[in-house]
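Fold and geometry: a report
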Amino acid sequence: MELRHLKYFLETARELHFARAAEKLKVTQPALSRQIAALEQELGVKLFSRSNKWKIELTDAGRVFAIEAEKTLRSAERAVNLAQSAKQGGCGKLAIGAISSAIETPDFSRSLRELRSRFPELVIEIVDATSAGLPDRVRQHSLDIAFLRSMPNISYDDTLVCEHLWNDKLVIALPSGHPLATAEDFPPSVLRNESFIMVPERTSSSLRYYLDNFFREHGNFVPRVDMEIYNTYTALRMVAGNLGVAVVSESYRGVFGDRICYRSFTGKIPEIPLYVIRAADNTSKNAELFLAILKKRQKKIIPA
């Protein structure tokens, strides 16, 4: 059975007249009759009752089949439209992996809203993960793109395409009642005796290495890490509970605002890069659309 058989049947069912249906379909009446007879033979049921050579009526089976045939044709037309649209992107699915500090930035969420607004047919999947776990998922094509922090040698992995997007400034999160919350001057050295909450070194070694070097060079100490937590929001909950301090992306300012004070460093401001990666053989147009929107928003904030 082919789609054209369904089209022939539905037009005949609408007209209930072979000659008129044949004229609209631009086929001869005998050819249409043969197609309908072949369809009935394939189905094993009569779709039409013939009161005379020209006038026909739908049988009970014909009425049921007409409803389902209409649905099938609509689904087929939608499939064609979606397949054609997929060449330009904006339909199907987009799977994005990202570290939490990228997901929670205003530009990221606004870019997602714009993408959904422009392409309502597009299904978006967001996977919140650590930097260490994202590359393999991109290689396996379970993610179209992923946003992560710098990782050793990732730019030299020929299975991945890696692009530096921008640098995120870092701030220190303190319990709101902390003595340093109101300090006028805030050099890194004032945190020498603090208990730090950080991501585990085994999952975010580049970030830990960077922070150790930053505080060693600009504060003359290495942070004492008493608590390791994967998720930044959970780390901030610990800060709000007066269990330590945490270095976080500036995008978190305001989270638990009545219980946490966010301070920028005096002098040298630490910042870490944000990268986007994709498999070299992944040609997702949806990923390109999202990146274009995200980059356009970021350019309004960070001059080229």
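My aim in this report is to walk through the structure given alongside it, one point at a time. (Residues numbered from 1 in each chain as written. Predicted model: local features only at pLDDT ≥ 70, side-chain atom pairs only at ≥ 80, totals over all residues. Heavy atoms only, no water.)

A closer look at the overall build of the chain
- A tally of helices and strands in the chain yields ten helices and eleven strands.
- Here the C-alpha atoms of the chain give a radius of gyration of 31 Å, more than 25% beyond the 19 Å that 2.2 N^0.38 yields for 304 residues.
- Expressed along its principal axes, the backbone C-alpha trace of the chain runs to roughly 100 × 40 × 35 Å.
- Counting the 304 residues in the chain, one finds 43% classified as buried.
- A separation of at least 24 residues holds for 72% of the contacts in the chain among residues at least 6 apart in sequence.
- Just so you have it, the chain exposes about 16300 Å², and 51% of that area is on carbon and sulfur atoms. (Helix = DSSP H or I, 4+ residues; strand = E, 2+ residues; numbered from the N terminus. Rg over C-alpha atoms; globule rule 2.2 N^0.38 Å. Buried < 20%, exposed > 50% of the residue type's maximum accessible area, 1.4 Å probe, protein only. Contact = heavy atoms within 4.5 Å. Areas by Shrake-Rupley, 256 points an atom, 1.4 Å probe, with all protein chains shown as cover.)

Some details on the packing of helix H1 (residues 3-15) against helix H2 (residues 18-25)
- Close contact between H1 and H2 brings their axes to 8 Å; oriented N to C, the two are set at 130°. The angle between the axes of H1 and H2 places the two elements in the oblique class. Crossing handedness for the pair H1 and H2: right-handed. The segment H1 lies against H2, with Lys7, Tyr8, Glu11, Thr12 and Glu15 engaging Phe18, Arg20, Ala21, Lys24 and Leu25.
- Grouping the constituent residues of the contact of H1 with H2 by class yields four nonpolar, one polar and five charged. (Axes fitted to C-alpha atoms, helices over the stretch in contact; angles between N-to-C directions. Parallel < 35°, antiparallel > 145°, perpendicular 65-115°, else oblique. Left-handed = near helix turned anticlockwise from the far one by under 90°. Nonpolar A, V, L, I, M, F, W, Y, C, P; charged D, E, K, R; others polar.)

Examining empty space enclosed by the protein
- For the coordinates displayed, the defined rule picks out one cavity of 30 Å³ or more.
- Within this model, the largest cavity holds a volume of roughly 30 Å³.
- The wall of the largest cavity is formed by Ala102, Thr105, Phe108, Phe147, Trp166, Leu274 and Leu294.
- Here the residues of the lining of the largest cavity sort into six nonpolar, one polar and no charged. (1 Å grid on protein atoms, 1.4 Å probe; cavity = no way out; pocket = protein on both sides within 12 Å on 5 of 7 lines; lining within 4 Å. Points joined across faces, edges and corners; volume = space filled by probe spheres on them.)

Section: the packing of aromatic side chains
- For the structure on display, the rule yields 15 aromatic pairs.
- Note on Phe186 and Phe265: the rings are 5.8 Å apart at their centroids and 55° apart in plane angle, and the pair reads as tilted. Taken together, the residues Phe186 in the loop between strand S6 (160-175) and strand S7 (195-198) and Phe265 in the loop between strand S10 (260-263) and strand S11 (271-279) connect sequence positions 79 residues apart.
- The class for Phe186 is buried, based on a relative accessible area of 0%. (Phe/Tyr/Trp six-rings, centres within 6.5 Å; stacked < 30°, edge-to-face > 60°.)

Description of the pattern of salt bridges
- Applying the stated criterion to the full structure yields 17 salt bridges.
- One salt bridge connects Glu68 with Lys71, and the closest N-O pair in it is separated by 3.5 Å. Note that Glu68 and Lys71 are positioned in helix H4 (residues 60-86) at a spacing of three residues, about one turn of the helix.
- According to the relative accessible area criterion, Glu68 is partly exposed, its value standing at 39%.
- Classification of Lys71 as partly exposed rests on a relative accessible area of 41%.
- Between Arg253 and Glu250 there is a salt bridge, with its nearest N and O atoms 3.7 Å apart.
- Among the charged side chains, a network of salt bridges with common partners joins Glu11, Arg14 and Glu70. (Salt bridge = Lys/Arg side-chain N within 4 Å of Asp/Glu carboxyl O.)

Here's the deal with the side chain of His17
- If you trace the backbone, His17 turns up in the loop between H1 and H2.
- From its side chain, His17 meets the backbone nitrogen of Ala19 in a polar contact 3.4 Å long. (Polar contact = N/O pair within 3.5 Å; in protein donor to acceptor, adjacent residues only side chain to side chain.)

As for the nonpolar core
- Of all hydrophobic cores here, the largest spans 22 residues; its most connected members are Leu94, Ile96, Leu115, Ile145, Phe147, Leu274 and Phe290.
- Elements that contribute at least two residues to this core include exactly strand S3 (93-98), helix H6 (106-118), strand S5 (145-148), S6, S11 and helix H10 (285-299).
- Not counting chain neighbours up to four residues away, the residues in contact with Leu274 comprise Ile99, Ala102, Phe147, Leu148, Arg149, Glu163, His164, Leu165, Trp166 and Asp168.
- With 19 residues, the next largest nonpolar core counts Leu6, Ala22, Leu32 and Phe65 among its residues. (Core = buried A, V, L, I, M, F, W, Y, C linked by side-chain atoms within 4.5 Å.)

Regarding unusual backbone geometry
- We note that Lys26 has phi near 60°; this positive angle belongs to a residue other than glycine.
- For Lys26, the location among the structural elements is in the loop between H2 and helix H3 (29-43).
- Although it is not a glycine, Phe256 sits at a positive phi angle of roughly 55°.
- Looking at where Phe256 falls in the secondary structure, it is placed in the loop between strand S9 (246-249) and S10.

Describing the environment of Gly133
- Here Gly133 is to be found in the loop between strand S4 (123-128) and helix H7 (134-139).
- You can call Gly133 partly exposed: its relative accessible area is 33%.
- Taking the C-alpha atoms as reference, Gly133 lies 9.9 Å from Ala98; in sequence the two are 35 residues apart.

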